[in-house]
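Survey of secondary and tertiary structure
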2 protein chains.
Amino acid sequence: MKAFFEPNSVAVIGSLREMMGTAYWLMKNLREFGYRGAIYPINPSTSGEILGSRVYPAISEIPGPVDLAVLLTPPAVTPETVEQCAQHGVKAAIVISEGFAESGKAGAKLQHQLTEIAGRTGIRIMGPNTFGIINPASHVATIAPWLDHLNIKAGSIAVCSQTGSAGPHQMPIADWGYPVSKMCDLGNKCDVDESDVLDYLADDPETKVVAMHLEDVKDGARFMEAACRVVARKPLVILKTGRTDAAARASASHTGSLLGNDRVYDAAFRQVEAIRVDSWQELWEIPKTLAYQPLPSGNRFAIVTFTGGQGVIATDAAIRAGLQMAQLSEDTVVKLKEVSPRLGNNPVDVGPAMSDSHSQSAQNPFNALEKAIGLTLNDPNVDCATITFSTGRQIVPLYPMVVGMLQNLIKNAGITTNVWIYGTDLAAMDELARQLHSCEIPAYFDLDMAVKSLGSAAGYYKYLAGKSPWLVTR
Amino acid sequence: MKAFFEPNSVAVIGSLREMMGTAYWLMKNLREFGYRGAIYPINPSTSGEILGSRVYPAISEIPGPVDLAVLLTPPAVTPETVEQCAQHGVKAAIVISEGFAESGKAGAKLQHQLTEIAGRTGIRIMGPNTFGIINPASHVATIAPWLDHLNIKAGSIAVCSQTGSAGPHQMPIADWGYPVSKMCDLGNKCDVDESDVLDYLADDPETKVVAMHLEDVKDGARFMEAACRVVARKPLVILKTGRTDAAARASASHTGSLLGNDRVYDAAFRQVEAIRVDSWQELWEIPKTLAYQPLPSGNRFAIVTFTGGQGVIATDAAIRAGLQMAQLSEDTVVKLKEVSPRLGNNPVDVGPAMSDSHSQSAQNPFNALEKAIGLTLNDPNVDCATITFSTGRQIVPLYPMVVGMLQNLIKNAGITTNVWIYGTDLAAMDELARQLHSCEIPAYFDLDMAVKSLGSAAGYYKYLAGKSPWLVTR
C-alpha cells in the first residue's frame, strides 16, 4: 500500500491533450501539489516533453523503477496496459477510468481481467472508477478534474470513500481548512479494498482518525480484523450507505456489487467499536473533534452559551449523544457568581453577564466571557465542552484576539473542547472556522454536530479505557 | 396582533445614547429598514431631535395615536411605563429589556406586574426579554443590536421563536436570502404567547409556512386550537426543545417557566399534524421547500445525481423521510436511454452520461443534464425530486445559464423540486444558493435535509388531502 500513498516515482498513462480530466491534467495537478518524485507521462502517440517531463511511448521504455502507475486509458486497453506495468515491476496501479463493472457486462469482464492480473502478478490495483489518492505529506494527488486550488492542509484525518464525491474536486476541503492525512476512493474495488486500506491506515503515524464511506464490504472476516486493528489505535468513523433495501438496489446498479443486510453490518460495526454515523455531513464533521482534541476521560459535558435557548438545545443534543450535563463544582459556582450573580449553572449562559452593565464586565464584555470559559473548562467535574461564539462582519477585526483567547483557554484546560460558530455573515463564519482549525480547535456551524462529536469522543475513550486503560492519558 | 406587526406609528422608549443596544440604535435600524410610519423617541432627560424625529419626555406628550411602543427601559421602571402607554391608548408594547423572570425573584415580580397591566388595561405585551418583531412587508424591525445589514428578503416563511438567537442580529438571514414574512421572539411571554401569534399567522396572507421554536406552551388547549387553525391552511414546523429532563431543567433556569413531559408535547404535535423537527438547522431548512414549491401530490421521489454514491445516500434519506423511490415510466426510460444508454434508473445518475464522450452530450455536458432533469421531472410517476449540482469557482460565470435552465425545467414540470448544492468553494456555493432562492428554488448544502424537506411536504399534502382534498391543487 505504501506504493500508492508514498511513491518515489509515478507513471501517468493516458491522453496528454491539454484538457480537463485527462492524464495531462492529472500530471498538472500532481506537479502543482508539489510532488517531487519522478513523473513519467506515457502515451504511444505523443513524444517530446509535457510539463517538463519526457513522454515515453510505453512503460517498458522507462529507464528507472516505477512505484505507481496511474491509468486514464480507455477501458478496452486498460487490462493489457496494467499487465505491462506488472511486467515492468510497477508495484501499484490506480485505474481512474470509468466503464467497468458499473457500466454493464462488457465492463464487468474487463474488470475481472484486472482482478486476475493483480492476483497472478502481485501488482496491486486501486479502482477502476476512482479519483485515486491524496497524501499531502508526500504531495501526491491523482486528481484529473479541474480544481479551484490544491492547498489541502496536511493533518491527521484519513478519508477513505467508495465514491468520487469525497475528493477535493467535489468537496470544499481546502476552503474548510480540513486536516487531511490521506484520502482515497476505492472505486469498484477490483483488487484493493477497504481492508487493505484499513490495514495501512492502522499503522500510518500521520493518521489519528479514519473516516470511511462504504457501500459494501468485500470480505467480512478480513474487514473485522483490519477494523479491530484500527480501532485499538485510533477511532474509526464509518458511513455505511445502502441501509434500506431501495438504497441497496441503487448501490448495486452503480457499483455492480451486492450488499448484505444492514443489520449484519450494524452488528459488525458495533462489535469492532467503530463509530457509525448516519449522514455524509457527519462523516466529515465528527472526525474533526477526534483529530484536533485529546479524548475526554468521561462524558460530563458543559456548554458556554450567549443565550439560554441555545443551552436548552445543546442539553437535548448532549443527552442524545450519550453525554451527561456536568454538575459544576462548588468552587466553580462561587467563582462564576463573582463574575456575575446570574452565572453558576451549566449551561453557562454568559449572555446576561456580558450585557449586564452592573457586572464587572462593564468595560469589556470579553472579560466576562474569558473568565466564564476558563472557569468552566478547568472545573474538575467537566470532561468536555462546547463554546458557542456569535460572529458577524464587525467581529472579524477582533479574530486575532478572540482566537488567541480561545486557544489559550482550551490549551491550558486540556479538556476536549470545540466551538459552535453562528452569526450573521457567512464569510465571517467561514473565516473564523478556518482560523480556529489552524489552531487545532474544531469549529462547527451545527450545534448538534458539535455536541455529537464530543459524544463520539467520549464513547471511544470509554472503549479504550475498558480495553486497555494504560493507552489513555488525559 | 396587527399593532405589533403592522403599526402605523411606533414609540421607542429608552436611552438615546448613540451606542449599540439602545433605543437610539433600535430607531436607527428601524429607519434603515425603511419604516415609513411615525417614529416617536421617548426619553425624559433628552430633548430636541434624534435621527430626524422630535424627542418626547413621555408617551402622554405625543400628539397623535401610537399603535406600538417598544421599551428598552430599566426593568424597575418598565411596568409604570407600560401602564402610561396603556393609559395613552397604545395598543401593543414590546418589552425588549432583560431582567425579569429569567433573572430571579425580583424580576419575576416585575414581570407579574406586566401581566397584570395587560389583563387589566387590554394593552398587549410581547416579551420581556425579546428582540421583538420583524415584518419586511411593512418595514418594521425592532432590533437594537448592531447588524451587518438589514436587507431581509420579504418572503413567505414566518419564524416565531422563544429565543433571541432567531433574529437577523444572530442568524445569516440576509446572507442566505431567507424569505421572511414575519419574525418574532416571544421572550418570557408575560402576555402574548405562541397561541396569539399562531392565530395571527393563520390569517396572515403573506405567510405560507410557520416555523416555530418553543421551549414551553403556556395554555395547551388554546395552543391546540390555534395550531389546528394554522395547519388547516399552511404547514406548521415546530422545534420543541427541552425534550430531555436535563434540558427541561436548563430551560426552566433561563425562562422561569415549567415544562411538561415531552411525550405529551409529542402526542399534541401529532394530533394537530404539525411537522416536528429535531434541530435548529431543520427549523430553518425544512420550511424552505414548503415555502417555495407546490406541495407534492404523492411521495414518489426521484433524484438526479452526478455520482452513484450520492444516489445511494439520497435513497437512504428518502426512505427515512417517508418517501418511496419512484419507478420511472417506460416512456421516460426509453427517452433517458436515448440521452445515454447508461441512464434509465432512479437515482438518475447523469455523471457517466455527462463525461461519456460517446454519448450525444459530447459537445456540451449540460445538454445531457438538462434532458435528464426534464425527463425525470415530467415523468408522471414522479411527485417530487432533488436535483444535485456540483459547483466551484470556475462554474460561477455559468450561473445565469444554470439557474435559468433549472428555473425553466422546474417551473415547467410543476412538481416539488429542490436542489442539493455541493462543491469545492464555499463562496461559490453560497452564491448559487442565493441565486436559486431568488427564483423560488429551495437550495440545500445537506442532501439529507433536502430530501427530508420533501418528505415533510409529502406528509403535509397527505394530511390535507385526507382532510379536505379540494384544498389541494397540483
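Residues numbered from 1 in each chain as written. Chains lettered and ligands numbered in written order. Predicted model: local features only at pLDDT ≥ 70, side-chain atom pairs only at ≥ 80, totals over all residues. Heavy atoms only, no water.

With that settled, consider the packing of aromatic side chains. Taken as a whole and judged by the stated rule, the model has 24 aromatic pairs over all chains. Consider the rings of Phe5(B) and Tyr200(B), whose centres lie 4.8 Å apart with planes at 10 degrees: the pair is stacked. Pair noted here: Phe5(B) is in helix 1 (residues 2-5) and Tyr200(B) is in helix 6 (residues 194-203), with a separation of 195 residues, a long-range link. Taking the centre distance of 5.9 Å and the plane angle of 55 degrees together, the rings of Trp176(B) and Trp284(B) count as tilted. Of this pair, Trp176(B) sits in helix 5 (residues 173-176) while Trp284(B) is found in helix 10 (residues 280-292), placing the two residues 108 residues apart along the sequence. Given the relative accessible area of 22%, Trp176(B) is considered partly exposed. Residue classification places Trp284(B) among the buried positions, given a relative accessible area of 1%. The ring of Trp25(A) has Lys28(A) lying over it, and the distance from NZ or CZ to the ring centre is 4.5 Å. The lysine or arginine in question, Lys288(A), covers the ring of Tyr444(A), its NZ or CZ lying 4.6 Å from the ring centre. (Phe/Tyr/Trp six-rings, centres within 6.5 Å; stacked < 30°, edge-to-face > 60°. Helix = DSSP H or I, 4+ residues; strand = E, 2+ residues; numbered from the N terminus. Buried < 20%, exposed > 50% of the residue type's maximum accessible area, 1.4 Å probe, protein only. Lys NZ or Arg CZ within 6 Å of the ring centre and 35° of its normal.)

Further remarks concern the confidence of the model for chain A. Residue and element names in this part refer to chain A. When the pLDDT values of chain A are averaged, the result is 92; 95% of them are 70 or greater. In this model, residues 357-361 is a region of pLDDT below 50 whose contacts with residues beyond four sequence positions or in other chains number 10 contacts. Scored as a whole, the predicted complex attains pTM 0.93, and scored at its interfaces, ipTM 0.91. (pLDDT = per-residue confidence, 0-100. Contact = heavy atoms within 4.5 Å.)

Superposing chain B onto chain A requires a rotation of 180 degrees together with a translation of 0.0 Å along the rotation axis, leaving an RMSD of 0.0 Å. Such a turn and shift between the copies fits a two-fold axis. Within chain B, the C-alpha atom positioned nearest to the axis of rotation is that of Ala427(B), 3.7 Å from it. (Least-squares fit on C-alpha atoms with pLDDT ≥ 70 in both.)

This paragraph deals with the pattern of salt bridges. All names here are of chain B. Using the criterion set out here, one finds 58 salt bridges over all chains in the structure. The salt bridge involving Arg-222 is made with Asp-193; its shortest N-O contact spans 3.4 Å. Placement of Arg-222 in helix 7 (residues 220-233) and of Asp-193 in the loop between strand 11 (179-185) and helix 6 is noted, with a sequence separation of 29 residues between them. Among the residues examined, Arg-222 registers a relative accessible area of 33% and is labelled partly exposed. Residue Asp-193 is classed as buried on the basis of its relative accessible area, which comes to 3%. (Salt bridge = Lys/Arg side-chain N within 4 Å of Asp/Glu carboxyl O.)

As a further point, take the nonpolar core. Within the largest apolar cluster, 149 residues are counted, with the highest numbers of intra-cluster contacts made by Leu369(A), Leu406(A), Leu236(B) and Trp284(B). At 8 residues, the largest contribution of residues to this core is made by helix 15 (residues 399-413) of chain A. Setting aside residues no more than four positions away along its own chain, Leu236(B) makes contact with Leu198(B), Val210(B), Met212(B), Ala227(B), Val230(B), Val231(B), Ala274(B) and Ile275(B). (Core = buried A, V, L, I, M, F, W, Y, C linked by side-chain atoms within 4.5 Å.)

Turning our eyes to something else, we now look at helix 3 (residues 78-87) of chain B. Residues and elements named next belong to chain B. The element helix 3 is largely enclosed, with a buried count of 7 among its 10 residues. Where helix 3 is concerned, the buried positions are Thr-78, Pro-79, Thr-81, Val-82, Glu-83, Cys-85 and Ala-86. Check the buried side of helix 3 and you find it contacts strand 1 (9-14), strand 5 (68-72), strand 6 (92-95), helix 4 (105-121) and strand 7 (124-126). A positive backbone phi angle near 90 degrees is found at Gly-89, which sits one or two residues after helix 3.

Residue and element names in this part refer to chain B. Within helix 2 (residues 23-32), 7 of the 10 residues are buried, which leaves it mostly tucked inside the rest of the structure. When we look at burial in helix 2, the residues that qualify are Ala-23, Tyr-24, Trp-25, Leu-26, Met-27, Asn-29 and Leu-30. Along its buried surface, helix 2 packs onto strand 1, strand 2 (38-42), strand 3 (49-50), strand 4 (53-54), strand 5 and strand 9 (140-141). Sitting at the head of helix 2, Thr-22 places a side-chain oxygen 3.3 Å from the backbone nitrogen of Tyr-24. Downstream of helix 2 by a residue or two, Gly-34 has a phi angle that is positive, lying close to 95 degrees. (Polar contact = N/O pair within 3.5 Å; in protein donor to acceptor, adjacent residues only side chain to side chain.)

Facing 65 residues of chain B, the contacting portion of chain A comprises 65 residues. Three residues, Asp148(B), Thr424(B) and Leu426(B), lead the burial of chain B against chain A; their summed loss comes to 13% of the area buried on that side. Counting every contact that joins chain B to chain A gives 2 salt bridges. With its nearest N and O atoms 3.8 Å apart, the salt bridge here joins Arg342(A) to Glu102(B). Our count for the chain B to chain A interface comes out at 20 residue pairs in polar contact (both at pLDDT 80 or more). By residue number, the principal contributor to the side of chain B that touches chain A is helix 11 (residues 308-320) of chain B, which donates 9 residues. Its residues placed into classes, the side of chain B that touches chain A shows 22 nonpolar, 27 polar and 16 charged. (Buried area = accessible area lost by both parts, 1.4 Å probe. Nonpolar A, V, L, I, M, F, W, Y, C, P; charged D, E, K, R; others polar.)

Moving on: the sheet that holds strand 7 of chain B. Residue and element names in this part refer to chain B. The 5 strands are arranged 2-1-5-6-7 in an open sheet whose pairing can be described as parallel. At either end of the open sheet lies a strand with only one pairing partner, and these are strand 2 and strand 7. Adjacent strand axes in the sheet meet at a mean angle of 20 degrees, parallel and antiparallel pairs treated alike. Pairing analysis gives 5 bridges linking strand 1 to strand 2, with the strands arranged parallel. Counterpart to Val-12 in the pairing with strand 2 is Pro-41. (Pairing = 2+ DSSP bridges. Axes fitted to C-alpha atoms, helices over the stretch in contact; angles between N-to-C directions.)

What follows covers the packing of helix 3 of chain B against helix 4 of chain B. Residue and element names in this part refer to chain B. Their axes nearest at 9 Å, the elements helix 3 and helix 4 cross at an angle of 10 degrees. Judged on the interaxial angle alone, helix 4 and helix 3 are roughly parallel. Within the contact between the two elements, helix 3 uses Thr-78, Pro-79, Val-82, Glu-83, Ala-86 and Gln-87 and helix 4 uses Leu-110, Gln-113, Leu-114, Ile-117, Arg-120 and Thr-121. (Parallel < 35°, antiparallel > 145°, perpendicular 65-115°, else oblique.)

Before going further, it helps to spend a moment on the side chain of Asn418(A). Residues and elements named next belong to chain A. Here Asn-418 is to be found in strand 19 (residues 416-423). For Asn-418, a relative accessible area of 0% translates into the label buried. Side chain to side chain, Asn-418 and Thr-386 meet in a polar contact 2.9 Å long. Of the polar contacts made by the side chain of Asn-418, one reaches the backbone oxygen of Ala-450; its length is 2.9 Å. Ignoring any residue separated from it by four or fewer positions in sequence, one finds Asn-418 in contact with Thr-289, Ala-385, Thr-386, Ile-387, Pro-442, Tyr-444, Ala-450, Ser-453 and Leu-454.

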